[in-house]
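# Results of the structural survey
The chain contents come next:
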Amino acid sequence: MSVVLLQLGQCGNQVGQELLELVSTDGRNDPGRPDSYRAISLERFFRQEAGTDAVPIARAVLVDMEPKVISQTLAKAMKSGQWSYGNHSYFCQKQGSGNNWANGFCIHGPRHEEAVLDLVRREVEQCERFGGFIAMMSLAGGTGSGLGTYITQCLRDMYPNSFILNQLTWPYGTGEISFTDINKVIAHQLGSVLQPVCTRWSISEYGTNPLGDLLESLVTHPEYKLLSLMNIPLMSDKSLQFSTFTWPALMKNLRQMLIANAKMEAGIDWQMKLPPAGHPSVSKPFSDRKLCFNTSLANLLVLRGKEVFQADTDGFKEQALYTSWMPADSALSVWRTSTTFSKYEKSASIVSNSQCLQKSLDRIVTKAWDMFASRAYVHQYMKHGISEEDFLDCFTTVEQVIASYSSLG
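Described in the following lines is the structure provided in the data block. (Residues numbered from 1 in each chain as written. Predicted model: local features only at pLDDT ≥ 70, side-chain atom pairs only at ≥ 80, totals over all residues. Heavy atoms only, no water.)

## Some words on the overall build of the protein chain
Across its full length, the protein chain carries 13 helices and 11 strands. Taking all contacts inside the protein chain whose residues are at least 6 apart in sequence as the whole, residues at least 24 apart take part in 77%. Accessible area of the protein chain: about 20,100 Å², with a carbon and sulfur share of 54%. Side-chain charges in the protein chain split into 37 positive and 40 negative, and the spacing between the mean points of these groups amounts to 5 Å. (Helix = DSSP H or I, 4+ residues; strand = E, 2+ residues; numbered from the N terminus. Contact = heavy atoms within 4.5 Å. Areas by Shrake-Rupley, 256 points an atom, 1.4 Å probe, with all protein chains shown as cover. Lys, Arg positive; Asp, Glu negative; His and termini not counted. Charge placed at Lys NZ, Arg CZ, Asp CG, Glu CD.)

## Digging into unusual backbone geometry
Note the cis peptide between isoleucine 232 and proline 233, where omega equals -10°. Counting through the fold element by element, proline 233 comes out in the loop between β8 (228-232) and α8 (237-240). With a phi close to 55°, serine 342 is a non-glycine residue in the positive phi region. Counting through the fold element by element, serine 342 comes out in the loop between β10 (332-337) and β11 (346-354). By relative accessible area, serine 342 is classed as partly exposed at 29%. (Buried < 20%, exposed > 50% of the residue type's maximum accessible area, 1.4 Å probe, protein only.)

## Notes on the packing of aromatic side chains
What describes a pair of aromatic rings is the distance from one ring centre to the other and the angle between the planes of the rings. A full pass over the atoms with the stated rule returns 16 aromatic pairs. Aromatic ring contacts, followed pair by pair, group Trp369, Phe372, Tyr381, Phe391 and Phe395 into a single cluster. Positioned above the aromatic ring of tyrosine 37, the side-chain terminus of arginine 33 is 4.8 Å from the ring centre. Across from the ring centre of tryptophan 270, 5.6 Å away, lies the NZ or CZ of lysine 252, which sits over that ring. (Phe/Tyr/Trp six-rings, centres within 6.5 Å; stacked < 30°, edge-to-face > 60°. Lys NZ or Arg CZ within 6 Å of the ring centre and 35° of its normal.)

## Here's the deal with the pattern of salt bridges
Counted by the stated rule, this structure contains 12 salt bridges. One salt bridge connects arginine 122 with aspartate 118, and the closest N-O pair in it is separated by 3.2 Å. A residue pair is termed a helical-turn pair when its members lie 3 or 4 positions apart in one helix, as arginine 122 and aspartate 118 do in helix α4 (residues 101-125) at four residues. For aspartate 118, a relative accessible area of 24% corresponds to the partly exposed category. Taking the shortest distance from any N to any O, the salt bridge between glutamate 345 and lysine 346 comes out at 3.7 Å. Given a relative accessible area of 31%, glutamate 345 falls into the partly exposed group. Given a relative accessible area of 8%, lysine 346 falls into the buried group. Residues joined in a network through salt bridges with shared partners are Asp118, Arg121, Arg122 and Glu125. (Salt bridge = Lys/Arg side-chain N within 4 Å of Asp/Glu carboxyl O.)

## Quick notes on the pairing of strand β6 (residues 130-138)
Burial within β6 is extensive, with eight of its nine residues counted as buried. Here strand β1 (residues 2-8) runs beside β6; their pairing, made up of five bridges, is parallel. Considered in β6, the bridge of serine 2 is made with phenylalanine 130. Here β6 runs beside strand β7 (residues 164-169); their pairing, made up of six bridges, is parallel. By the bridge assignment for β7, methionine 136 is matched with glutamine 167. Between the parallel elements β6 and β7, the chain passes through helix α5 (residues 143-158) in a crossover that is right-handed. (Pairing = 2+ DSSP bridges. Right-handed = clockwise from strand over helix to strand, strands pointing away.)

Shape descriptors only; they carry no functional weight alone.
And the structure:
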């Protein structure tokens, strides 16, 4: 099945371009890669114009309120010589959103809804088997977060039975960061899950419904829809040539990343431990949970590479990893393929529906309450139509999400 990418705002367009470039190059020069892998990957993310030998065209719609990023994104794709965006698959304006969520949601959203959804409809109609949307955006700014939220709501109304996966990039907290590098990391992590793999339905044939299989495995309850992604190994080409990987080491490190909620392998806290068997952890208020492990509702392991069926996943089946009302056998799904991904002979990813995002959400809500109480920047929202009642409704919604995940353990 094919998926349509919605690249919303600067972040969404940059990450989307990196993901499509990764998918296009994955295995292009590997003669040992199965033809079925390449064919499914291409059908999933690209389309071919009938009767032409032109390069594949991305199944994507690009949206931004400024032309600069979209122009750069289109140029990068064309420069690769291996794929391109459609000639009429983008929408941009010249006024921007002023880094204001309310401007994107209340002004640009209703004003440009028809034009953007028309582009989406045209792209969906060119899918022989449509599998859903991946909306890529940042949580900060005005276009990606504000307009992106509005367009996502419109998609749900327009396609009530389709899968929609929102890929959200969290704003960086402090210090300096290279967006080029971090965009490549995000794209690699997404590709490690979205590229063809044998799902639990078959150990010999690649799954063809990536979003359906993913969400069926992880979103088991309507109150719990936040997913986080971890992937190993992840290193530079210079380091890779001096490194070797074994499945026991990869499984050990990835399991500890899950327990300690470490986003990267370098940040693993080995002091974080599960409670001994037969001694379940005691639930605590969130403010006292700083030293507590990450409790999961459901996890999906995606293993790729040589000797993949020798990888022991029993460490992810311990009941202590999961909330008490979800049996571990039902909470864990494992997908495998002996086909390698990118440059790694062995790689492992885990998509987790767990408390991974709880601490970040709680910190954001606390800061937002302080700013709202002091009326900081509130006028910038109210002038575009956001009322105080809207703020209070949003606080209630997010606090309910935090409370639901806090109750897991």
